[in-house]
Amino acid sequence: MKVLVINCGSSSIKYQLLEMDNETVLAKGLLERIGISGSKLKHKKGSEKYEISKDVANHKEGLNLIISTLKDEELGVIKDTSEISAVGHRVVHGGELFASSVRINERVLKEIEANAFLAPLHNPPNIQGIKATIELLPDAAQVAVFDTAFHQSMDPIAYLYAIPYNYYEKYKVRRYGFHGTSHRYVSARTAALLGKPIEELKIITVHVGNGASIAAVKYGKSVDTSMGFTPLEGLVMGTRSGDIDPAIVPFLQEQEGLSPKEVTEILNKKSGMLGLTRGQYSDMREIEDGAIAGDSICKLAHDIYEYRIAKYIGAYVAAMNGVDAISFTAGVGENSPYLRKNVVNKYLGYLGIELDEKENDCKACEKFISTPDSAVKVLIVPTNEELVIARDTAEIVEKNLNELNLW
Ligand SMILES: Nc1ncnc2c1ncn2[C@@H]1O[C@H](COP(=O)(O)OP(=O)(O)O)[C@@H](O)[C@H]1O
Ligand SMILES: CC(=O)OP(=O)(O)O
Ligand SMILES: [Mg+2]
């Protein structure tokens, strides 16, 4: 069975076409810088790599380009779209309704749309992706795999906010957490690399990409995570503020005459690294280059980014009463030796962690970067949300499960 996986991130679409009979990737790629000038499609067919530079304004245009590339005589791997049996979509916000993956029908799509206001950067591109795919591949089964699902195991001590309880009852205002598919995969790989059952391990997974979150995974279950009611809470991100004093919101509304929607937009799209660099950069590569070259604005922004990660690691060591391993993943976590080195060497010595700088000098490798003597193991584990999505999708199609079996 061939499964196409679509992962519409806030600024990118990752895709993979997999043959699930042997879990091989037939083709995969990454369309980057959507809505920013200089969009580029990096497409891989087997070991052959291609690059297509073409400005892509939105996710729907991007998907069109990806599907035509998959069918292309030279770059493609299928003759006809009918070869694709199912499409697995990454969907960011599933609320409390979706604790596992589901087959998409009109009702499911409506529920996902109803959650869109909770994840304004994510559910809208996810929905665009689903709708465009249904149009382009009308005969394929469509499955949604939610970022929130893995974190449904959290206890109320981690997911309730200390605000009047009736807001939880009335509106389901609580911590949901995101990047769950990634935290689930990375924690499982970490246990496999340690050669121990996940049920015996305390693992902190540091997913730092354009969006960023940390999870405390105790004995295989997410017990806490830094993103909250929406993907805005927690770490400093590319354009998102992460944690701030909630009193700043009404203060800015009053001082600047802004509406709630405008403040939300500022916190989601104009803050984070972009805000700290005075609107110059949200891409970590540019900030890192600046910091290394001695640009004081980039250096301070990077220092703040590292510091917030370190504070959360400390919090989750406390939450789990210990930690066995810390794994870095996603765009920045996998590719930036500089980030990993600064977080570990500046802040984590007290845990008895020793970084092996030679091992750390590596991009997109799956490996240990702590020394053999390090009391807590530190790893790079490239995430594979696509494989998890493809497995869930194939399982739902093979077992002919529909949404009613699952929620
Ligand atoms: N070599 C690198 N060094 C530092 N950061 C990198 C590197 N390669 C990619 N990144 C960063 O990774 C981020 C994108 O991560 P990714 O996980 O793909 O994001 P998302 O899924 O949220 O769109 C960008 O900020 C980019 O700058
Ligand atoms: C939930 C989230 O932040 O996703 P992304 O990393 O794709 O922005
Ligand atoms: Mg991502």
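In this text, all values refer to a predicted model and were calculated from it rather than measured experimentally.

Enquirer: Explain helix H10 (residues 284-292) here, please?
Expert: For an α-helix, the turn length of 3.6 residues means that residues three or four places apart are oriented alike. Within H10, the full set of buried residues consists of Met284, Ile287, Glu288, Gly290 and Ala291. All buried residues of H10 lie within an arc of 160° about the axis, which places them on one face of the element. Exposed side of H10, more than 90 degrees from the buried face: Asp289 and Ile292 are the residues found there. Buried residues in H10 make contact with helix H9 (272-276), helix H11 (296-320), helix H12 (330-335) and helix H13 (337-347).

Enquirer: Sorry if this is basic, but what is going on with the site of ligand 1 here?
Expert: The immediate surroundings of ligand 1 are formed by 16 residues, with Ser12, Asn210, Asp283, Met284 and Gly331 found nearest. Between ligand 1 and the protein, one listed contact pairs an oxygen atom with a side-chain N or O atom of Ser12 at 3.1 Å. Contact between ligand 1 and Gly211: an oxygen atom at 3.2 Å from a main-chain N or O atom of the residue. In isolation ligand 1 has 580 Å² of accessible area, and contact with the protein removes 85% of it. Within the residue set of the shell around ligand 1, elements represented by two or more residues are strand E2 (12-19), H10 and H12. Top element by residues in the shell around ligand 1 is H12. It accounts for 4 residues. Across the shell around ligand 1, the residue classes break down as 3 nonpolar, 8 polar and 5 charged. In this structure, the shell around ligand 1 is formed jointly by two domains, domain 1 (2-146) and domain 2 (195-380), each of which donates at least three residues.

Enquirer: Got a minute to help me understand the site of ligand 2 in this structure?
Expert: Residues in contact with ligand 2, as listed here, are Gly9, Ser10, Arg90, Val92, His122, Asp147, Phe178, His179, Gly211, Met227, Pro231 and Arg240. Within the contact set of ligand 2, an oxygen atom lies 2.7 Å away from a side-chain nitrogen or oxygen of His179. For ligand 2, whose unbound accessible area comes to 260 Å², protein coverage reaches 92%. Taken together, the residues that form the shell around ligand 2 break down as 4 nonpolar, 5 polar and 3 charged.

Enquirer: Where do I start with the packing of helix H6 (residues 180-194) against helix H15 (residues 385-398) in this structure?
Expert: Between two packed helices, what matters for the description is the angle formed by their axes and the separation of those axes. The geometry of H6 relative to H15 is characterised by a closest axis approach of 8 Å and an angle of 100° between their N-to-C directions. Here H6 is positioned roughly perpendicular relative to H15, judged by the angle of their axes. Where H6 abuts H15, its residues Thr181, Ser182, Arg184 and Tyr185 lie against Glu385, Leu387, Val388, Ile389 and Asp392.

Enquirer: Explanation requested: the environment of Gly180 in the structure shown.
Expert: Relative to the assigned elements, Gly180 resides in helix H6. Residue classification places Gly180 among the buried positions, given a relative accessible area of 0%. Residues Gly180 and Thr148, spaced 32 residues apart in sequence, show a C-alpha to C-alpha distance of 5.6 Å. Contacts of Gly180, omitting those with residues within four sequence positions, involve Asp147, Phe150 and His151.

Enquirer: What is the right way to look at H6 in this model?
Expert: Between its terminal C-alpha atoms H6 stretches 21 Å, which fits the 21 Å expected from 15 residues at 1.5 Å a residue. For H6, the complete set of buried residues consists of Gly180, Thr181, Ser182, His183, Tyr185, Val186, Ser187, Thr190 and Ala191. One or two steps after H6, the chain reaches Gly195, where phi turns positive at roughly 70°.

Enquirer: Where do I start with the side chain of Thr329 in this structure?
Expert: Tracing the chain through its elements places Thr329 in strand E12 (residues 325-329). At 2.7 Å, the side chain of Thr329 and the backbone oxygen of Val381 are in polar contact. Residues contacting Thr329, with those up to four places away along its chain left out, are Ser182, Val186, Val206, His207, Val208, Glu334, Val381, Pro382 and Thr383.

Thresholds, definitions, all that
- Residues numbered from 1 in each chain as written.
- Chains lettered and ligands numbered in written order.
- Predicted model: local features only at pLDDT ≥ 70, side-chain atom pairs only at ≥ 80, totals over all residues.
- Heavy atoms only, no water.
- Buried < 20%, exposed > 50% of the residue type's maximum accessible area, 1.4 Å probe, protein only.
- Helix = DSSP H or I, 4+ residues; strand = E, 2+ residues; numbered from the N terminus.
- Arc of directions from axis to C-beta.
- Contact = heavy atoms within 4.5 Å.
- Near = heavy atom within 4 Å.
- Polar contact = N/O pair within 3.5 Å; in protein donor to acceptor, adjacent residues only side chain to side chain.
- Areas by Shrake-Rupley, 256 points an atom, 1.4 Å probe, with all protein chains shown as cover.
- Nonpolar A, V, L, I, M, F, W, Y, C, P; charged D, E, K, R; others polar.
- Domains from an automatic or database assignment.
- Axes fitted to C-alpha atoms, helices over the stretch in contact; angles between N-to-C directions.
- Parallel < 35°, antiparallel > 145°, perpendicular 65-115°, else oblique.
- Expected span 1.5 Å × (residues − 1).

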